[in-house]
Amino acid sequence: MVALIVIFISGLLSLFLAFAKKPWLVLLTASAGLIAGGISLFTQFYYQYDFIHYEGLKFDGFAVAFGLIAILFTLLVVLTGYSSFKDKPQHTGDYIALLLFSLTGALCMLSFTDMFMFFLGLEILSIPIYVMAGSNKDDVRSSEASLKYFMTGAFATGVLLFGIAWIYGGTASFKLDEITAFIYNAEGTHSSLIYIGLLMILSAFLFKVGAAPFHFWSPDVYDGSPHIVTGFMAAVVKLGAFGAFMKIFSVTFAGLHDFWAPALSVLAILTMFVGNLSALKQIRFKRLLAYSSITHVGYALLTIIVQSPDSAFNLWAYIFSYGFSTIGLITVAIIIHDEEDRIEAFRGLVRRNPFTGFVAILGLLSLAGVPPLMGFFGKFLVFSEAITQYPWLVAIAIINSGIGIFYYLRMVILVLQKEDDDKPKTPRHKVPVLQMIVLAICALALLFGGNMLIF
Amino acid sequence: MILASIFESGVSIQFYIVLSTILFAIGVLGVLIRKNAIIVLMCVEIMLNAVNLLMVAFSTYFGNGDAQVFVFFIMVVAAAEATIGLSILVLLYRNNRSVDIGLFNKLKG
Amino acid sequence: MSVQQLVPLILLFPLIGGIINGIFGKKLPKALVGSLATLASTLSFATALMVFFQLNEPVKIHLFRMIDLEDLRLSASLLADNLSLWMVLIITGIGSLIHLFSMGYMKHDAGYSKFFTYLNLFIFAMLILVLGSNYFMLFFGWEGVGICSYFLIGFHYSDAEKGMLNGIAARKAFIMNRIGDLGLLIGLFLILSQFGTLEYQELANIVTVDKILGTPWMMFGITMCLFIGATGKSAQIPLFTWLPDAMAGPTPVSALIHAATMVTAGIFLVVRSNFFFEHAPMTQEIMLYIGLATSLVAAFIAMRQNDIKKVLAYSTVSQLGLLFVALGMGAYTAAIFHVTTHAFFKALLFLGSGSVIHAMSDEQDIRKMGGLRKKIPLTHLTFLIGTLAITGFPLLSGFFSKDEIVGHAFSHNVVIYGILMFSILLTAIYMFRMYFVVFFGTFRGTHEQEHHVHEGPASMTLPLVILAILSVFGGLLNLPGIWLKGQAHWLSHHLEHNTGGLNLIEAEHADNGITLMLMIIAVAVCLGALVVCYLVYGKKQNVPVEDAELSGWQKISANKLYIDEIYNFLFVRPTEWLSVVGHKFIEIMFLNGIILGFAKGIGASGELVKKWQTGRVNWYILWMVGGIVGLIVYYLVKI
Amino acid sequence: MELLIIPSLFALAALVIPRNFMRYFGLAGGVTSAVVAIVHAVYYAPTTKYVSLFDPNWTSTFGLSYKMGYDGISLIMVVLTNVITLLILLSNFNKELASNKMFTAMVFFMQVALLGVFTSMDGLLFYIFWEITLIPVFLIALWFGAPGRKQALIKFFIYTFVGSLAMLLALMAIKTGICGNLPAASFAVEDLMAVQLSACSACWIFGGFLFAFAVKIPLFPFHTWQPDTYTNSPMAGTMLLSALMLKMALYGMIRWMIPLAPESLESYKLPIIILGTIGVVYAAILAIKQNDIKRTFAFASISHVGLIAAGIVLLNVDSTMGVFVQMINHSLVAVGLFLAVDIIESRTGIRNMSELGGIAKQAPKFAFWFGVVALASISVPLTSGFIGEFLLVRGVYSYNWIIGLVIGSTLVYGAVYTLRAYQLSMYGPSKNFNFPDLTWNEWLVFFILMVLIVILGVYPQLVIDFVQPSVTRLFENIHSSKILVQ
Amino acid sequence: MSSLEIIATVLGGLTIGSALMVVLSPHPVRSVLYLILTFFLISGNYILMNAQFIAVVNIIVYAGAIMVLFLFVLMLLNLSKDNEPKSSIKMKIAATFAGGALLTVLIAALKDSVILPKTEMLENQQGMVENLGQLLFTKYVLPFEMSSILFIAAMVGAVLLAKREKQIIE
């Protein structure tokens, strides 16, 4: 709770400090706020002071673990985005504040105990992102992304609320523990209201995490949004959504697991295939990343489908590894700074900027799941847990990993290749210090984080 | 006060369930069928109102005020969403001179 | 020094010679290289002689264990007994002479040192073949001589015109040998699976003493496989076509490898494995008929060959056929006897032809020779002796050795005897034909060649003379019983005893009366052929016509019965066709096609899925609605 | 542990060493690690059960036990790896490539990964190292390969990667115990072996491993990546692929596939042997009419390894010894042949055999050494190739004589295509290109190869004594820890 | 059929009709007006269900604020003309089908759902301002406060998006 307040206040502060026209001040405030938030979250976890229970929010181990990486990712995104925020000094504060507000939403999503906070958290998470997606106002694509995200998002909100209403109708409660208890007590004799509500909420979650057939917004929005926002969406928003997803489905609706798991499995498979297949022929980088993220959602869904004590950790590990790869790649894309965001712009990167290229390769291979990078361990944890219950699902996921390697490898080769001789040589990209730091963190995490995960 | 409870007088909760379902479906239909972004937003509002209606119906039926508070929050969010939505539309209109969502298909594939 | 120490020395000398020449040969003077190689071979021969006189009983020398596994124990060890030592003597003796000859013959060749390296290594490999105490060692030598033979056939690989052809001939030889080797290898496996060992002595004990035999079929399989190996190395039908082609190598090589030693390895193998063959009458029969056929076919082909070395090559094949006939009848010592004399006179003939070729400045076509009698008298004389010996001229070595085989054949089956005699007649005819065409008549070569014709240096003539002497008196080794009763069949007796516990089981000798009769027939055949050939080629000086003008059987003979073409059609072309078609259709189109098809299919479905992403937001929402409807339908179905 | 650390340090140091010293540095690294491996081998007593390199004696929550160590089987592969790496570095010594820091680093990196594969005593660790090996070899091929390499490399990478995923699936399946009686305590090899599998699941697990290994070996229908990749890789890449990477799969079959799921060996035995046989004959026939000399030897490689794979599944000590001898021989021969091809290609720019010829006259030394290697390739006695093929063909033969006969035809076919390639390029009159003879480093490589080939060919017992106790023990373990379902 | 039932039915029918008109009316302004009507009718329903506070808020917030905003934007952007581009016929069919399907399956799923028994509380005062105020400021004070973040974000966002960009400062 303290963390939430600290972060919110640092957001507010950066909003106001922006008037000072000193972007670094904003950055400092935001970073300080994030770090302070992270520390307070951690101390709370570490000293276990009672996991302070507020009406509606509960910072338990789950929330703290997920919250910490959410804060970490936000910090990385802010750091990496700082150089592009600087281009519009009058808006630096707004952008950073919106990201921080969104983060508070994410924290709510991770710690809610009733539907009120869940719903509000979701909206706090989403609304700044609707705005941020369109923050590149000169760019039609950005606006279009914003519109699409908003339209589909609003629709999904409607669906979610409808679902909540049904659940309320079925259980007469908004509190998760009461709903859980209700479902367990009345096992087998549930009203259809609960089922329909569950399916509606499921749909909304699938929308939020970007699973087929609710995924259509995500390539367009990832593609159109500014890089930073894409990174933030891929790392933090997805994390928040998955956290809530797991909270609700692995705990609250656990009693109905037999009902929703098969449906979710099928959708997970669909998601993997759709993501992978669509990614094959992409020529724009963020779009590729979007489809790849859809695929990864498919894999991550396995943690929710599988009910085991380790699911939460596996999900955490998966998102952890995925987030670093994505943020690393987004940072690289920002460094390359191609107007049209073509994949082609990555050509020969490793020769121009060896370290940047190296991180790009690490990120791509990690996404592909090549050991010993962190992505492999994330996947490995998920799959090896799932294989005990759904071997066929894991087999399909593995096939998809195989398909996925096609486009990651294509990009890796691109990064490694020489530039065409007939075209003018791209000059060496300048890498600001902050981005260098982010890249270094990502590289370290990707290389050595994997071992940590399975420790 | 005036009316003890509507559900005491023979109107079943099913009636409101069906009513709000129909309203929701109409909202969905509108979202799908209209191309003017503003109208689409309005249809989303219809969906939200369907939810509100349902919530209130359950609230009354259960004699529990929580759902009405929830409806209150839904309205709050709806207002915020409408603000954002409309500003996005303004933004779009400035660039495109139109709010026809059919025109926004640069991003695809 | 004891036998134990001497026997490895026999092997060591040529090996050391080969290694020294191989490494330093280029830098040493030619004379030294040649002498070194010759010395190595001669030393080997001397050592072998020492062993020969010391040897009282078979000696097995264990060198080191090679493969020591659960049910496979193979060691590198040597077995010195009368049989192997006899072969060693032939190999090193003839080998030394040929080394000597080569010193002169190869003088102007660029690859002088290389040549002697190969020769020494060949001697080494051949010695391993005969001295090894088990089939595994035999196989080592067996393949080793094949390799040396390969390199020596293709020795002039960089020749502008014939370089590639030499290479192809070498390859053909090697591959045909390989086919035989495969048979031999399978034979080894069979022996292993049946008897669990490859040591001659142990096997002989098991088979002859313990009488533990496999099923008849097993014995047939073993012996048949061994025989297939022998057909490869000893150029029998169907694997004989490589030998005439192998004449692409330098002439001393033909003399050493393709006449005197390597090709007799097959004979040696069968003789060594006599205890198996005795229990496989069917194989013996097959061997007999194949030998007979080979002898006849080769003789037939030789009738119309005009390359001096080709004639000799076919004659070798024919003689080898004869040897297999002998083996098929169980006349092992007769076979070894003939191997010995054949080594003498065939080496002599080849070296003689080498001398002729040398004199003629590398001309090999007998139609372009003629009248060489006067120009190179020593060569002529020795060549004549060789010819007479091979045709079975009375009292020369070939006369006796052939006669023994013929005698066995007569007592075995008269029909076979008849066919054999026919083959001998053919041999006499084509040998005399060649002799007369080359040495009689007028000189038909170019003027330049005529100017150059000269006798070789002493290093070349000396071996000729020695071999001629051996060819004349070689028969003394194993005189038939009608002469010198006490000393008769010396070689047979020598070989029958003391052969590593596997005493040769020899078929009965024909009695004296019949022997005499057969001798008379043989003499008649030989002399008849001599007279006819003299009349046709010597006196009338007929020159063989061009191949194109031939017809009937002559054409077939000149074209080698079209066997190469048939093989080409049956084996080579289909394989090449398979290779090309397999690569194009199976590899590229089918297997690769499947993989690419997968990739393409995935790519195409990717395109398809991409189309789903229309870019229109209400379609997106429509799909979301579709998803919700689907989920609810799932609920309706499920509950 | 120094086995792995030394090459790792060299790999890292290669990134900072100046170009001028790079080639000497590379050589020094190669020699050092080879010496270290040989010292290990010298101090290794074949009867020792197991030498641990790294064992924290602790298992991560996830079952990764980090166990590394070697017995005879592993150690022979370690020595092979280090020696071959040294030879690869040596054979590149006079090339521009050798002074490239990425190249040198990648070779060492590859060495580390390979050593990891061979010394992992933990399934997951094995898999991780197994996959890591892909990266350096891929990079070497990508950066320094032929112009048209991209497609071939993509195919190679994806094909082998997908194959390995099947192995991962199998490993996970054993560990989590979904198909056995219990989940394994960890991925350590003995824990995995302790899992009793049902017949059906053993079949799947075996299949998963088999697919991974079959692609890497490559066995017959899974080989299509190989000729393209070999021809498009630079010499070092081809050597790494054929001399070492392929051995990982063969090693994996002995160490992992069969011990973990011996229950279904019986049902897979015949198919694998038949596939191996088809591969032997098929690749040999295809090699006969290839015009590209490198491609010929690529097919030759397929042909040779088919026999090895068949020998492995026979699961008797004798043929397993043949497998080891033949694996070593294949590595040596592959290095020699591909070095020869590269010498030809780099000096003439031609790989097309019909345009080559007459090299022997210009470069007699080269012709000699190439000849030696070619002979070893066609398994002439006195070379290690003969011993290997003898043992293997015998093993197959005693399993089934018809298959033995067919697979034995490799003796004949091998001679056909190898000699063809050799003669077409070497024999004949000199063509109009200048062909300098061997440089000292190339000569040295060939010399070392020949020494090793001949030593093994004459005294294979050297290897056999080294490996046999471990193999026997492994087989005993297989038989004792599992109830073999016939 | 009691009078309440009749009222409820009529109100419900009117609501549906009005909502349908929103969707079907081709003219945007008319859609807005129908929507306002819909809101009023829904508020009527709230009153029927004794939720006066919500009913009032609904009218104030929705019909009053939000809809005026909509109308305002509509006018501002000069979209009041009857120039809305028509959806393709394919889309229309698909949309109708989808909407119909959604309705059908929902009704099918819900038609005989078991509803929890209603409480016996006859004096239903839940919808009163007082009660809701109690709830809002005690039990649900955290969400209430959290919604401030939402509003700040929305506010900043709206400004950020809708503000016409000045020429870049310096």
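Since the model is a prediction, treat every value here as computed from it, not as a measurement. (Residues numbered from 1 in each chain as written. Chains lettered and ligands numbered in written order. Predicted model: local features only at pLDDT ≥ 70, side-chain atom pairs only at ≥ 80, totals over all residues. Heavy atoms only, no water.)

Turning our attention to the overall build of chain C. Helix and strand counts for chain C stand at 26 helices and two strands. Dimensions of chain C, computed from the C-alpha atoms along their principal axes, are close to 115 × 65 × 55 Å. Across the 639 residues that make up chain C, the buried fraction comes to 63%. Carbon and sulfur atoms form 68% of the exposed surface of chain C, whose accessible area is close to 22400 Å². Charge-centre separation for chain C: the mean point of 39 positive side chains lies 10 Å from the mean point of 37 negative side chains. (Helix = DSSP H or I, 4+ residues; strand = E, 2+ residues; numbered from the N terminus. Buried < 20%, exposed > 50% of the residue type's maximum accessible area, 1.4 Å probe, protein only. Areas by Shrake-Rupley, 256 points an atom, 1.4 Å probe, with all protein chains shown as cover. Lys, Arg positive; Asp, Glu negative; His and termini not counted. Charge placed at Lys NZ, Arg CZ, Asp CG, Glu CD.)

For the structure on display, the rule yields 14 cavities of 30 Å³ or more. By volume, the largest cavity amounts to about 90 Å³. In this structure, the largest cavity is lined by 15 residues; those nearest its centre are A:Leu122, A:Leu160, A:Ala204, A:Phe207 and A:Lys208. Those elements that provide at least two residues to the lining of the largest cavity are α5 (115–133), α6 (140–171) and α8 (192–209) of chain A. Counting residues per element, the lining of the largest cavity draws most heavily on α5(A), which supplies five residues. Across the lining of the largest cavity, the residue classes break down as ten nonpolar, three polar and two charged. Size it by volume and the second largest cavity reaches roughly 70 Å³. Lining the second largest cavity are C:Thr391, C:Gly392, C:Phe399, C:Lys402, C:Asp403, C:Val406, C:Met421, C:Ile424, C:Ala522, C:Val525 and C:Cys526. Of all the secondary structure elements, the ones that give two or more residues to the lining of the second largest cavity are α18 (397–412), α19 (414–439) and α23 (512–539) of chain C. (1 Å grid on protein atoms, 1.4 Å probe; cavity = no way out; pocket = protein on both sides within 12 Å on 5 of 7 lines; lining within 4 Å. Points joined across faces, edges and corners; volume = space filled by probe spheres on them. Nonpolar A, V, L, I, M, F, W, Y, C, P; charged D, E, K, R; others polar.)

So, on to the interface of chain E and chain C. On the chain C side, the residues contacting the eleven residues of chain E number ten residues. For the pair chain E and chain C, the two sides together bury roughly 860 Å², of which 90% comes from carbon and sulfur. For the chain E face of the interface with chain C, the top three residues by lost area are E:Met91, E:Leu102 and E:Val105, together amounting to 50%. For the interface between chain E and chain C, the tally reads zero salt bridges. Counting the contacts that link chain E with chain C gives zero residue pairs in polar contact (both at pLDDT 80 or more). Looking at the side of chain E that touches chain C residue by residue, the class counts come to ten nonpolar, no polar and one charged. (Contact = heavy atoms within 4.5 Å. Buried area = accessible area lost by both parts, 1.4 Å probe. Salt bridge = Lys/Arg side-chain N within 4 Å of Asp/Glu carboxyl O. Polar contact = N/O pair within 3.5 Å; in protein donor to acceptor, adjacent residues only side chain to side chain.)

What follows concerns the domain arrangement of chain C. Residues and elements named next belong to chain C. Here the domain parsing of chain C yields domain 1 (1–133), domain 2 (324–340 + 357–554) and domain 3 (564–638). Inter-centroid distance (C-alpha atoms) of domain 1 to domain 2 is 28 Å. Each partner contributes to the interface: domain 1 provides 18 residues, whereas domain 2 provides 22 residues. Interface area for domain 1 against domain 2, summed over the two sides, is near 1800 Å², with a carbon-plus-sulfur share of 76%. Of all residues in domain 1, Asn82, Trp86 and Leu97 bury the most surface against domain 2, accounting for 33% of the area lost on that side. Top element by residues in the side of domain 1 that touches domain 2 is helix α3 (residues 82–105). It accounts for twelve residues. Here the residues of the side of domain 1 that touches domain 2 sort into 13 nonpolar, three polar and two charged. (Domains from an automatic or database assignment.)

All names here are of chain A. Relative to the assigned elements, Ala235 resides in helix α10 (residues 227–252). In the structure, Ala235 is positioned 89 residues away from Phe324 in sequence and 8.0 Å away in space, judged by C-alpha atoms. For Ala235, the residues in contact, after removing those within four places along its chain, are Phe73, Ile319, Gly323 and Ile327.

Residue and element names in this part refer to chain C. Where nonpolar side chains cluster on the molecular surface, the patch consists of Ile556, Tyr562, Ile566, Phe569, Leu570, Phe571 and Val572 and spans about 650 Å² of accessible area. Sorting elements by how many residues they give to the nonpolar patch places helix α25 (residues 563–612) first, with five residues. Within the secondary structure, Phe571 sits in helix α25. (Patch = residues over 30% accessible without salt bridge, like charges linked within 9 Å, V, L, I, M, F, W, Y side chains within 5 Å.)

Counted under the stated rule, the structure contains 124 aromatic pairs over all chains. Ring geometry for A:Trp316 and A:Phe320: centres 4.9 Å apart, planes at 10°, overall stacked. Here A:Phe320 and A:Trp316 lie together in helix α13 (residues 311–336), a separation of four residues that amounts to about one turn. Both residues of the pair, A:Trp316 and A:Phe320, count as buried. Sitting over the ring of D:Phe187, D:Lys175 keeps its end group 5.8 Å from the ring centre. The residue whose ring lies beneath D:Arg347 is D:Phe435, and the NZ or CZ to ring-centre distance is 5.8 Å. (Phe/Tyr/Trp six-rings, centres within 6.5 Å; stacked < 30°, edge-to-face > 60°. Lys NZ or Arg CZ within 6 Å of the ring centre and 35° of its normal.)

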